[in-house]
Amino acid sequence: MDCVVTSPPYYNVRDYGHKGQLGQELTIHGWVADLRDVMREVGRVLTPTGSLWLNLGDSFSRHPKYGAPVKGLLLAPERLLMALDGDGWIVRGKVIWAKTNPMPSSVTDRLSLTHEVVYFLVRQKSYFFDLDAIRELHRSKWAIRERTTPESSGWAGPLAASRSGLRKARPAGTPGHRLGKNPGDVWQIATRGYKGAHFATFPPELVRRPILAGCPAVVCTACGAGQKQGAGTLPCDCHAPARRGLVLDPFFGTGTTGEMARELGRDYLGIELNPEYVRMAQDRLGIQPEALPQAMEPPTAPEAQAA
């Protein structure tokens, strides 16, 4: 897989109607352990230059048995992120999904929850990332004068960011990069429903940006080099056949990731446990059920013994 974009079940928020489902563990620690196992398998099938975009939400504890004091945030995203960091994932960013139409709340002793997070993780220091594909239009006007950037005055620590800005990428008289500005890590996106679903689904825009930035349009079948959006040729000299970039969503739901991948010219693979969601995804993507391989039923006890 070249890129993974997914939103796992949040802890004890929804019942997906399946025995052994994720999200219904006895404690938040069990939820972290189970998703950690899933992400190990995700890392196993992800290309070395691939990325994982992980949408997570949080909730409040109603009893200490869940792993946090009563009324305390469970800190589910943070707990899982620390576990993945311990497993060797490199956390490259944390996107704040600021919901422009958050669910109304009657709570009076805290602030309403109006955002979720999307973590951007990779497996190595060098990876595929196409910033140009998701740049946004500049809001400031073009300036005639050339801007100067003050140098560090010695107060900055060893991890302080560079203050050189876009000095090299910015032509004289322009507000920034000719293709637009970096969109930043706060995305204002409305929640979206889907016909037939009784819950809010993955907003398409929350999936579009990760796919454009993290999944190559075309991939060399020999060396795995990825082509960026709009590039004329692959960045290699293999002269081997090419394939389309492949996006995985191991918690496919109603198929938003697949729909967006197809719209952007990528291939996709979705895994979903709930038969009702599978039917909705098939309808959404125009897939005939008979075109899909049928899952094998476990053998009965007598057959198992005979085998």
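Everything numeric here is computed off the predicted structure, so don't read it as measured data. (Residues numbered from 1 in each chain as written. Predicted model: local features only at pLDDT ≥ 70, side-chain atom pairs only at ≥ 80, totals over all residues. Heavy atoms only, no water.)

Colleague: Explain the nonpolar core here, please?
Modeller: Side chains that are nonpolar tend, in soluble globular proteins, to be buried together. Counting 26 residues, the largest nonpolar core has Trp 31, Met 39, Leu 52, Leu 54, Leu 80, Trp 89 and Leu 121 as the members making the most contacts within it. Broken down by element, the residue count for this core peaks at six residues, all from helix 1 (residues 28–45). For Leu 52, the residues in contact, after removing those within four places along its chain, are Val 4, Thr 6, Met 39, Val 42, Trp 89, Tyr 119, Phe 120 and Leu 121. (Core = buried A, V, L, I, M, F, W, Y, C linked by side-chain atoms within 4.5 Å. Buried < 20%, exposed > 50% of the residue type's maximum accessible area, 1.4 Å probe, protein only. Helix = DSSP H or I, 4+ residues; strand = E, 2+ residues; numbered from the N terminus. Contact = heavy atoms within 4.5 Å.)

Colleague: Looking at this structure, I do not really get the pattern of salt bridges. What am I missing?
Modeller: A pair can form between side chains of opposite charge whenever their charged atoms are brought close. If you walk through the whole model with that rule in mind, you get 13 salt bridges. Here Arg 208 ties to Glu 205 by a salt bridge, and the two come within 2.8 Å at their closest N and O atoms. With Arg 208 and Glu 205 both in helix 3 (residues 204–214) and three residues apart, this pair spans about one turn of that helix. Note that Glu 205 and Arg 209 form a salt bridge whose closest N and O atoms lie 2.8 Å from each other. Taken together, the residues Glu 205 and Arg 209, both in helix 3 and four residues apart, mark about one turn of the helix. Salt bridges sharing common partners tie together Arg 36, Asp 37, Arg 40 and Asp 87. (Salt bridge = Lys/Arg side-chain N within 4 Å of Asp/Glu carboxyl O.)

Colleague: Could you clarify how one ought to interpret the packing of aromatic side chains in this entry?
Modeller: For any pair of aromatic rings, the description rests on two quantities: the centre-to-centre distance and the angle between the ring planes. All chains considered together, the criterion is met by six aromatic pairs. The interplanar angle of 15° and the centroid separation of 4.3 Å between the aromatic rings of Trp 53 and Phe 120 together place this pair among those described as stacked. Of this pair, Trp 53 sits in strand 2 (residues 51–56) while Phe 120 sits in strand 4 (residues 115–122), and the two are 67 residues apart along the sequence. This pair shows no difference in class: Trp 53 is buried, exactly as Phe 120 is. The positively charged end of Arg 209 is found above the aromatic ring belonging to Trp 187, 4.9 Å away from the centroid. (Phe/Tyr/Trp six-rings, centres within 6.5 Å; stacked < 30°, edge-to-face > 60°. Lys NZ or Arg CZ within 6 Å of the ring centre and 35° of its normal.)

Colleague: I'm lost on the side chain of Gln 21 in this one. Help?
Modeller: On the secondary structure map, Gln 21 appears in the loop between strand 1 (3–6) and helix 1. A distance of 2.7 Å separates a polar atom in the side chain of Gln 21 from the backbone nitrogen of Tyr 16. If we skip the residues at most four places from it in the chain, Gln 21 touches Arg 14, Asp 15, Tyr 16 and Leu 273. (Polar contact = N/O pair within 3.5 Å; in protein donor to acceptor, adjacent residues only side chain to side chain.)

Colleague: Looking at this structure, I do not really get the confidence of the model for the chain. What am I missing?
Modeller: Detail in the predicted coordinates should be disregarded across regions flagged by low pLDDT. Of all residues in the chain, 81% attain a pLDDT of 70 or more, and the chain-wide mean is 85. Below a pLDDT of 50 lies the segment residues 143–147, which in the model reaches five contacts outside its immediate sequence neighbourhood of four places, other chains included. Every residue in residues 296–307 is under pLDDT 50, and counting partners more than four places away or in other chains gives one contact. (pLDDT = per-residue confidence, 0-100.)

Colleague: What exactly am I supposed to notice about helix 1 here?
Modeller: For helix 1, which comprises 18 residues, the first-to-last C-alpha distance of 26 Å matches the rise-based estimate of 26 Å (1.5 Å per residue) to within 8%. Lining the buried residues of helix 1 we find strand 1, strand 2 and helix 2 (76–86). (Expected span 1.5 Å × (residues − 1).)

Colleague: What exactly am I supposed to notice about the packing of helix 1 against helix 2 here?
Modeller: Helices that pack against each other are described as a pair by the angle of their axes relative to one another and the distance between those axes. Where helix 1 meets helix 2, the closest approach of the two axes is 10 Å, and the angle between their N-to-C directions is 45°. The pairing of helix 1 with helix 2 is recorded here as oblique in orientation. You can see that helix 1 and helix 2 cross each other, and the crossing is right-handed. Seen from helix 1, the contacting residues are Ile 28, His 29, Trp 31, Val 32, Leu 35, Arg 36 and Met 39; seen from helix 2, they are Ala 76, Arg 79, Leu 80, Ala 83 and Leu 84. (Axes fitted to C-alpha atoms, helices over the stretch in contact; angles between N-to-C directions. Parallel < 35°, antiparallel > 145°, perpendicular 65-115°, else oblique. Left-handed = near helix turned anticlockwise from the far one by under 90°.)

Colleague: Which parts of the structure should I look at to understand the sheet that holds strand 8 (residues 218–220)?
Modeller: One open sheet accounts for three strands, arranged 9-8-10; its pairing is antiparallel. Taken across any chain shown, the strands that pair with only one partner, and hence form the sheet edges, are strand 9 (226–227) and strand 10 (242–244). Relative to strand 9, strand 8 runs antiparallel, the two sharing two bridges. Paired with Val 219 across the two strands is Gly 226, which belongs to strand 9. (Pairing = 2+ DSSP bridges.)

Colleague: Would you explain helix 4 (residues 256–263) in this entry?
Modeller: Each turn of an α-helix holds 3.6 residues, which means side chains three or four residues apart point in the same direction. Among the residues of helix 4, those classed as buried are Thr 256, Thr 257, Gly 258, Met 260 and Ala 261. Following helix 4 by one or two positions, Gly 265 adopts a phi angle in the positive range, close to 80°.

Colleague: What is the right way to look at the environment of Val 70 in this model?
Modeller: Relative to the helices and strands, Val 70 resides in the loop between strand 2 and helix 2. Separated by 10 residues in sequence, Val 70 and Phe 60 have C-alpha atoms that sit 7.6 Å apart.

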